[in-house]
Amino acid sequence: MDRPAGRSVRLKLALSYAGFLMVAGVLLLGVVWVFLLRYVPDPPAPSSLPDMKQVPGLGVPDLKSPSRGALLEAFAPRAAEVLVFLLAFGLLGGWLLAGRMLAPLRRITEATRLVAHGSLSHRIRLPGRSDEFHELADAFDVMFDRLEAHVSEQRRFAANASHELRTPLAITQALLDVARRDPERVTGEVIDRLHVVNARAIALTEALLLFSRAEQRAFAPEPVDLSLIAEEAAETLLPFAEKRGVTVEVTGDVAETLGSPVLLLQLTTNLVQNAVVHNLPAGGSVEVVTGVRPGGVTLTVENTGAELTPQAVSTLTEPFQRGTERIRGDHAGVGLGLAIVQAIVHAHDGTLTLTPRTGGGLRVVVRLPVAPPADQ
């Protein structure tokens, strides 16, 4: 932002220090005058003096005592000299003190400029004991840490998205080249293959748009009952679950929160679909439970399946990360299911917890703020 040039903070502080010092000096000199010099009496006129020889004990020093006017004449120039000295001393001392006090601020400004120009790894790390400047520097360091992590995550996400999109596009290009070189080889199998690849590219693009929408919080919150959302998601995926031999059970209480019904339905659908896909080959189960806890509502999705290590579970919410293996076939997903879930949870100011189950499978708990009463 372009701003007109103005006085530096250091100069303003130096002038302030000098001004306060001048005011203090004037007050001090005024106190000296009011409470000391004003009580010095003027000597009587010579005609009214008695004969010194007739007054025992009086000598010449009494006649030479300074008058109030004489003291004022001697005091005023010295007072002016003192004020000039205080002004010069205040400006010089204020300039030096202001420079010393503002040194941490200049360091913070320089670090901010470096980060603004792309040096995200730079940190202030202001040494010394805690004060207002150190608290500000620490707050900037925390902000820089989060900014660097966010930018790194976005770059990694962009690279992964480019890689994922490049695969179906490359396959499509190869099939189109074959069809152009030899139109007679364009069979139903090639067309079906193009259809599958194109559908995957569309699904990935829609998932990326949904992921971006969730991160930007581009929705108007409204009351949502998670129990109804869970029943709708389970009913939608019931044919898919039956095809894979997985039973889905939905239980729990009414759990009202504020948010986007579309995004929360997508969240629940992703969790249930992920639980069905990554399950036992036969005889698996998925349990969806909603409930109310102190301070919020919960949505819990548990499934049977292969055993997972805590290290593997910690990476499942990263974009384009899949479970124990890459799944093919219908409803395979594009590797953004749990990443979208996490983005939606964060957009609703909630928390997402993933825990491996004893004996295999995964337990996912979503905690969201409870909806306020209708009369508020």
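None of these values were measured; they are calculated from a predicted model. (Residues numbered from 1 in each chain as written. Predicted model: local features only at pLDDT ≥ 70, side-chain atom pairs only at ≥ 80, totals over all residues. Heavy atoms only, no water.)

### Notes on the confidence of the model for the protein chain
For the protein chain, the mean per-residue pLDDT works out to 79, and 81% of the residues sit at or above 70. Considering only residues more than four positions removed or in separate chains, one finds that residues 57-63, a stretch of pLDDT under 50, has 4 contacts. Across residues 324-331 the pLDDT falls below 50, and counting only partners more than four positions away or on other chains, this stretch makes 14 contacts in the model. (pLDDT = per-residue confidence, 0-100. Contact = heavy atoms within 4.5 Å.)

### What to know about the layout of surface pockets
Taken as a whole, the second largest pocket holds about 320 Å³ of empty space. Around the second largest pocket, the lining is made up of 16 residues, and of these Glu153, Glu215, Gln342, Ala343 and His346 lie nearest the centre. Put simply, the parts of the chain that give the lining of the second largest pocket at least two residues each are helix H4 (132-181), helix H5 (188-216) and helix H9 (337-347). Take the lining of the second largest pocket: its biggest share by element is 5 residues, from H9. Taken together, the residues that form the lining of the second largest pocket break down as 6 nonpolar, 5 polar and 5 charged. (1 Å grid on protein atoms, 1.4 Å probe; cavity = no way out; pocket = protein on both sides within 12 Å on 5 of 7 lines; lining within 4 Å. Points joined across faces, edges and corners; volume = space filled by probe spheres on them. Helix = DSSP H or I, 4+ residues; strand = E, 2+ residues; numbered from the N terminus. Nonpolar A, V, L, I, M, F, W, Y, C, P; charged D, E, K, R; others polar.)

### Quick look at the packing of aromatic side chains
What the rule picks out here adds up to 2 aromatic pairs. Ring centres 5.9 Å apart and planes at 20 degrees place the aromatic pair Phe85 and Phe89 in the stacked group. One end of the pair is Phe85 and the other is Phe89, both in helix H3 (residues 68-116) and 4 residues apart, which spans about a single turn. In this pair, the class of Phe85 matches that of Phe89, namely exposed. Judged by centre distance (5.8 Å) and plane angle (50 degrees), the ring pair of Phe140 and Phe144 falls under tilted. Taken as a pair, Phe140 and Phe144 lie in helix H4 at a separation of 4 residues, close to a single helical turn. (Phe/Tyr/Trp six-rings, centres within 6.5 Å; stacked < 30°, edge-to-face > 60°. Buried < 20%, exposed > 50% of the residue type's maximum accessible area, 1.4 Å probe, protein only.)

### Quick look at the pairing of strand S4 (residues 284-293)
Here 7 bridges tie strand S2 (residues 246-252) to S4, and the two strands are oriented parallel to one another. Its bridge partner being in S4, Gly252 is matched across the sheet by Thr290. Relative to strand S5 (residues 296-303), S4 is paired through 8 bridges, and the arrangement is antiparallel. The partner of Val289 across the bridge, within S5, is Thr300. Between S4 and S5, which follow one another and run antiparallel, lie 2 residues, and Gly295 among them has a positive phi close to 90 degrees. (Pairing = 2+ DSSP bridges.)

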